[in-house]
Amino acid sequence: MNAISVQNIQKAFGGNMALKDVSFEIPKGEIFGFLGPSGSGKTTLLKILTAQLEATDGHAAVMEMPSRMMQKTAQKRRFGILTDNSGLYERLSIEENLDVFRRLYGLPKSSIDQVLHFVNLNADRKKRVSVLSKGMRQRVTLACAIIHEPELLFLDEPTSALDPVNTAHIHKGLRYLNERGTTIFLTTHDMTEAETLCERVAILHKGEIRAIGAPDELKRTHRDGTLTVELTSGEKERLSMDEDSAAAIAGWMSRGQIDRMYTNELSLGDIFIKLTGSELV
């Protein structure tokens, strides 16, 4: 069963096409990454999937129902959403904000302790939201989105304001949620995050999917068929994968002259630039 199915989605804002015939499927249990620069259309698609926008054309299904049905009260418990317009109650503390969501979902009080550990905010639980840093607010918003351990979690740039320590902590928690069955749809600018978390990624540019697949699969597809040999003398030799190169490598190896050797794979960022001519900023 697919958690998300997108068929020929288009979205126009006036005369501007934000999404152009976008199609893909995400099976249940996958962490799927949507990559692209600002303005590429990834947040627009996320808002269509979460019933915050209507598509101009095409069809989107979430958990085998039309995405517009997500706003039905009976369905809301199945989903968690973190987007740029996710709000918090400024005059309430972190703990009080989470208590609102706990009550909404009919959860025990222990769920607050669990989710505060997840986002590494237990020591700050009494702080009022209005005095929090951007990174702390981001973690509170994420906690509100996951307190009920949803079947499907939509995350729009979940770690954009976080330091490396808290980013690693959140990544660990997201993998734990995924292992317990949560499907995760993630938009991000961060290529390291995509490689760390995602089983597959789609690269979106100007409203169109330019590539889709597992990070390692995309790297294999776009490598240039060469390898680099670093010799103990400090020299580097870039070689084609052919018989002459094999003979040269055998010679260096027999003389103990090879320090290390590796294929010349592109990073995800390199692949994006190759496909679109745009940097991920």
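One can find the structure itself at the top, above this paragraph.
Residues numbered from 1 in each chain as written. Predicted model: local features only at pLDDT ≥ 70, side-chain atom pairs only at ≥ 80, totals over all residues. Heavy atoms only, no water.

A.B. asks: What exactly am I supposed to notice about the pattern of salt bridges here?
C.D. replies: Pairs can form between side chains of opposite charge once their charged atoms are near each other. In total, this model carries 16 salt bridges according to the counting rule given. Here Arg-102 makes a salt bridge to Asp-99, at a shortest N to O gap of 2.7 Å. Taken together, the positions of Arg-102 and Asp-99, both in helix 2 (residues 94-104) and three residues apart, correspond to about one turn of that helix. On the basis of relative accessibility, which here comes to 8%, the residue Arg-102 falls in the buried class. The partner of Arg-180 in a salt bridge is Glu-149, and the shortest N-O contact between them spans 3.0 Å. Separated by 31 residues along the polypeptide, Arg-180 in the loop between helix 5 (164-179) and strand 8 (183-188) and Glu-149 in the loop between helix 4 (134-146) and strand 7 (152-156) bring together distant segments of the chain. (Salt bridge = Lys/Arg side-chain N within 4 Å of Asp/Glu carboxyl O. Helix = DSSP H or I, 4+ residues; strand = E, 2+ residues; numbered from the N terminus. Buried < 20%, exposed > 50% of the residue type's maximum accessible area, 1.4 Å probe, protein only.)

A.B. asks: Before we go on, may I ask you to explain the packing of aromatic side chains in this structure?
C.D. replies: The description of an aromatic ring pair uses the distance of the two centres, along with the angle that the planes make with each other. Applying the stated rule across the entire model yields seven aromatic pairs. An angle of 45° between the planes, with centres 5.3 Å apart, marks the rings of Phe-24 and Phe-34 as tilted. One end of the pair, Phe-24, is in strand 2 (residues 16-27); the other, Phe-34, is in strand 3 (residues 31-35), with ten residues separating them in the sequence. Each member of the pair, Phe-24 together with Phe-34, is buried. Pairing Phe-34 with Phe-185 gives two aromatic rings, centres 5.5 Å apart and planes at 35°, and the pair type is tilted. Of this pair, Phe-34 sits in strand 3 while Phe-185 sits in strand 8; the two residues are 151 residues apart in sequence, bridging distant segments of the chain. Each member of the pair Phe-34 and Phe-185 is classed as buried. An aromatic cluster is present here, built from Phe-24, Phe-32, Phe-34, Phe-154 and Phe-185 joined pairwise through their rings. (Phe/Tyr/Trp six-rings, centres within 6.5 Å; stacked < 30°, edge-to-face > 60°.)

A.B. asks: Would you mind showing me how to read unusual backbone geometry here?
C.D. replies: Glycine aside, residues mostly have negative phi angles, and peptide bonds mostly take the trans form. A positive phi angle, close to 55°, is found at Asn-8, a residue other than glycine. Here Asn-8 shows up in strand 1 (residues 2-13). Although it is not a glycine, Glu-149 sits at a positive phi angle of roughly 45°.

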